[in-house]
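Residue strings, one per chain:
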Amino acid sequence: ALLKRSKVYIDFGPHPGMDRLPREAALAGCIVITNREGAADFDEDVPLPSRFKFRTFDVDRIHAMLRECCKNHGEIAEEMNGYKEWMMGQEKQMEACVDRLVDRVVARRTVRRSAGK
C-alpha cells in the first residue's frame, strides 16, 4: 500500500540480483532510482533508463532528480513503461526456458532408451 502512495522509490543498496522491491515499486507507479552497484549496473538485470541510475552518490544531482520527479511525476513516470513491459515479459521468457529444458530432458531420455534396446 505504501508504494501505491509513493511517487519515487530509491534503492542505493548492493543489488545482488534482480531485486524484487524496485520491480514492485515500478509496477505500483513509482519512478525508480538506483545506484549502479551489483546487478543494477547491468541493463540485462535492471533495464531502467540510464538517467535513473547513479554511479556516484552526487547529492546535488540526486536532489535535482527528486525535485524533477516530484514536480513532473506523471510525465517522468512514463519513462518507466519500458521497464514495466520488460518485467511483464519475464513470465513468458521463463515459460519458454522451462519448455526448452523439458524438451531437452525428454529428448535425452528418449535417446538413452533407444540406445538401451
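Residues numbered from 1 in each chain as written. Predicted model: local features only at pLDDT ≥ 70, side-chain atom pairs only at ≥ 80, totals over all residues. Heavy atoms only, no water.

Trainee: Lay out the sheet that holds strand β2 (residues 31–35) in plain terms, naming residues and giving numbers.
Mentor: Consider a sheet: its strands pair through backbone hydrogen bonds, and that pairing is either parallel or antiparallel. One open sheet holds the 3 strands; their spatial order is β1-β2-β3, and the pairing between them is parallel. A strand with exactly one partner marks an edge of an open sheet, and here the two such strands are β1 (8–11) and β3 (53–54). Examined bridge by bridge, β2 and β3 share 2 bridges and lie parallel to one another. Considered in β3, the bridge of N35 is made with F54. With respect to the sheet, helix α2 (residues 20–27) is in contact with β1 and β2, its orientation differing from that of β1 by roughly 170°. (Pairing = 2+ DSSP bridges. Helix = DSSP H or I, 4+ residues; strand = E, 2+ residues; numbered from the N terminus. Contact = heavy atoms within 4.5 Å. Axes fitted to C-alpha atoms, helices over the stretch in contact; angles between N-to-C directions.)

Trainee: Please give an account of the pairing of β1 that cites residues and values.
Mentor: Every second residue of β1 is oriented toward a common face, the buried set being Y9 and D11 and the non-buried set V8 and I10. Pairing of β1 with β2, which is carried by 4 bridges, proceeds in the parallel orientation. Across the sheet, V8 pairs through a bridge with I31, a residue of β2. Between the parallel elements β1 and β2, the chain passes through α2 in a crossover that is right-handed. (Buried < 20%, exposed > 50% of the residue type's maximum accessible area, 1.4 Å probe, protein only. Right-handed = clockwise from strand over helix to strand, strands pointing away.)

Trainee: Would you mind going over the pattern of salt bridges in detail, with residue names and values included?
Mentor: The final tally for this structure, using the stated rule, is 6 salt bridges. Close ionic contact of R51 with E79 constitutes a salt bridge, the shortest N to O distance being 2.8 Å. A residue pair is termed long-range when its members are at least 10 positions apart, and R51 in the loop between β2 and β3 and E79 in the loop between α4 (73–77) and α5 (81–116) qualify at 28 residues. Salt bridges linked by common partners bring R36, D41 and R55 together as one network. (Salt bridge = Lys/Arg side-chain N within 4 Å of Asp/Glu carboxyl O.)

Trainee: Let's hear about the nonpolar core: which residues, and what values?
Mentor: Counting residues in each nonpolar core, the largest one holds 20 residues, and the members touching the most others are I31, V32, F52, C69 and Y83. Sorting the residues of this core by element identifies α2, β2, α3 (59–71), α4 and α5 as the ones contributing at least two each. Dropping the residues within four chain positions of it, V32 is found in contact with Y9, P22, A25, A26, L48, F52, M80 and Y83. (Core = buried A, V, L, I, M, F, W, Y, C linked by side-chain atoms within 4.5 Å.)

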